Amino acid sequence: LCCNDFINRPVQIVATRFLDPLNTISDVDTLLVPALPDAINALSLAKRLDGLLLTGSQSNVAPSAYGQKGECSNLDPSRDAVAFALA
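What counts, and at which threshold
Residues numbered from 1 in each chain as written. Predicted model: local features only at pLDDT ≥ 70, side-chain atom pairs only at ≥ 80, totals over all residues. Heavy atoms only, no water. Buried < 20%, exposed > 50% of the residue type's maximum accessible area, 1.4 Å probe, protein only. Helix = DSSP H or I, 4+ residues; strand = E, 2+ residues; numbered from the N terminus. Arc of directions from axis to C-beta. Contact = heavy atoms within 4.5 Å. pLDDT = per-residue confidence, 0-100. Polar contact = N/O pair within 3.5 Å; in protein donor to acceptor, adjacent residues only side chain to side chain.

(A) Broad picture of helix α3 (residues 77–86). By the burial criterion, the buried members of α3 are Asp80, Val82 and Leu86. Taken down its axis, α3 places every buried residue within 165° of arc, on the same side. Each element contacted by the buried residues of α3 is listed here: α2 (42–48).

Here is the structure:
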């Protein structure tokens, strides 16, 4: 793909400030799971992990995901689906 093909497409990113402490202090191997619910088998993946750290996000969890009503901005339903499936 040309770099212009990435315009207006979702991207997966993580700030290194969240990864560095895990790698230097905790002596763990870090695995980044994409927020693509159809691309992973969360149950199979979770069974292979010794631990799971679900980081915060700039997106909000949809109120309907925890039984509430109301509107909320800055949602990422794919991220929520993967995080809930892994948890």
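Structure shown, so let's carry the discussion forward.
(B) Summary view of unusual backbone geometry. In this structure, Asn74 takes a positive phi of about 60° despite not being glycine. Structurally, Asn74 can be placed in the loop between α2 and α3.

(C) The side chain of Asp80, seen in detail. With respect to the secondary-structure elements, Asp80 resides in helix α3. In contact with Asp80, other than residues within four places in its own chain, are Asn60, Val61 and Ala62.

(D) Highlighting the confidence of the model for the protein. With 89% of its residues at a pLDDT of 70 or more, the protein shows a mean pLDDT of 84. By mean pLDDT, helix α1 (residues 16–24) is the weakest element of the protein at 83, and α2 is the strongest at 92.

(E) Quick look at the side chain of Ser59. Relative to the elements of secondary structure, Ser59 occurs in the loop between α2 and α3. Residue class for Ser59 comes out buried when judged on its relative accessible area of 15%. With near-sequence residues (within four places) excluded, Ser59 lies in contact with Asn74, Leu75, Asp76 and Arg79.

(F) Broad picture of the environment of Asn74. Among the residues examined, Asn74 registers a relative accessible area of 45% and is labelled partly exposed. Spatially, the C-alpha atoms of Asn74 and Gln58 are 7.6 Å apart, while their sequence positions differ by 16 residues. The contact partners of Asn74, leaving out residues within four places of it in the chain, are Gln58, Ser59 and Asn60. There is a polar contact of 2.3 Å between the side chain of Asn74 and the backbone oxygen of Gln58.

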